[in-house]
Amino acid sequence: QVQLVESGGGLAQAGGSLRLSCAASGSIFSSNDMAWFRQAPGKQRELVAGITRTGGTYYADSVKGRFTISRDRGQSTVYLRMNSLKPEDTAVYYCNRFGVRLADLTYWGQGTQVTVSS
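Residues numbered from 1 in each chain as written. Predicted model: local features only at pLDDT ≥ 70, side-chain atom pairs only at ≥ 80, totals over all residues. Heavy atoms only, no water.

Caption draft 1: Representation of the packing of aromatic side chains in the model. In this structure the tally under the stated criterion is three aromatic pairs. For the ring pair Tyr58 and Phe98, a centre distance of 6.1 Å and an interplane angle of 25 degrees mean the geometry is stacked. On the criterion of sequence distance, the pair formed by Tyr58 in strand E6 (residues 57-59) and Phe98 in the loop between strand E9 (91-97) and strand E10 (112-117) is long-range, its members being 40 residues apart. When its relative accessible area of 21% is taken as the criterion, Phe98 is described as partly exposed. Here Tyr94 and Trp108 contribute two aromatic rings whose centre-to-centre distance is 5.7 Å and whose plane-to-plane angle is 75 degrees, an arrangement assigned as edge-to-face. Remark: Trp108 occurs in the loop between E9 and E10 and Tyr94 occurs in strand E9; sequence separation between them is 14 residues. (Phe/Tyr/Trp six-rings, centres within 6.5 Å; stacked < 30°, edge-to-face > 60°. Helix = DSSP H or I, 4+ residues; strand = E, 2+ residues; numbered from the N terminus. Buried < 20%, exposed > 50% of the residue type's maximum accessible area, 1.4 Å probe, protein only.)

Caption draft 2: The state of the cysteines, seen in detail. In this structure the tally under the stated criterion is one disulfide. Across the disulfide from Cys22 sits Cys95; the S-S distance is 1.8 Å. Here Cys22 and Cys95 share a disulfide; its torsion about the S-S bond, 45 degrees, makes the bridge right-handed. In this pair, Cys22 sits in strand E3 (residues 18-24) while Cys95 sits in strand E9, placing the two residues 73 residues apart along the sequence. The burial state of Cys22 is the same as that of Cys95; both residues are buried. (Disulfide = S-S within 2.5 Å.)

Caption draft 3: Structural detail: the sheet that holds strand E5 (residues 46-51). Read from one edge to the other, the open sheet built from six strands follows the order E2-E10-E9-E4-E5-E6, with strand pairing classed as mixed. Two strands close off the open sheet at either side, each with one partner strand: strand E2 (10-13) and E6. Strand after strand, the sheet turns through a mean of 25 degrees between neighbouring axes, direction not considered. Two strands pair when backbone bridges link them, and E5 and E6 are joined in this way by three bridges, in the antiparallel orientation. Paired with Ala49 across the two strands is Tyr59, which belongs to E6. (Pairing = 2+ DSSP bridges. Axes fitted to C-alpha atoms, helices over the stretch in contact; angles between N-to-C directions.)

Caption draft 4: View of the pattern of salt bridges. Summed over the entire model, instances satisfying the criterion amount to six salt bridges. A salt bridge links Asp89 to Arg38; the nearest nitrogen and oxygen atoms lie 2.9 Å apart. Taken as a pair, Asp89 in the loop between strand E8 (77-82) and E9 and Arg38 in strand E4 (residues 34-39) lie far apart in primary sequence, 51 residues in all. Note on Asp89: relative accessible area 0%, which makes it buried. Here Asp89 makes a salt bridge to Arg66, at a shortest N to O gap of 2.8 Å. One end of the pair, Asp89, is in the loop between E8 and E9; the other, Arg66, is in the loop between E6 and strand E7 (67-72), and 23 residues separate them in sequence. For the residue pair Asp89 and Arg66, the accessibility class agrees, reading buried in each case. (Salt bridge = Lys/Arg side-chain N within 4 Å of Asp/Glu carboxyl O.)

Interpretation note: all reported values are geometric properties and have no functional meaning in isolation.
As structure tokens, then:
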């Protein structure tokens, strides 16, 4: 059974930091590259960062240099460290497979809300 559980969101001031966690079921974590996505009110869901099974990373231009994605194989967990937060980072953050078309990602967890105040 596929399971994705995101946590760690909250309220932060601009310039602050948060660390998000995503606990993924073993099967989806071990056999897939993983990513973080976000969806702001009124906007489409977008890819924020991705990490391959061998540790290669990808970042959207909007977060490059501020966010860091990592994965813990032993815990089947993906993390997103977010520094220098901006109000435009406000969104619900989700994890899922990386390298798969958004339209083909049919299962999503509940996400975790990140709100950045100015």
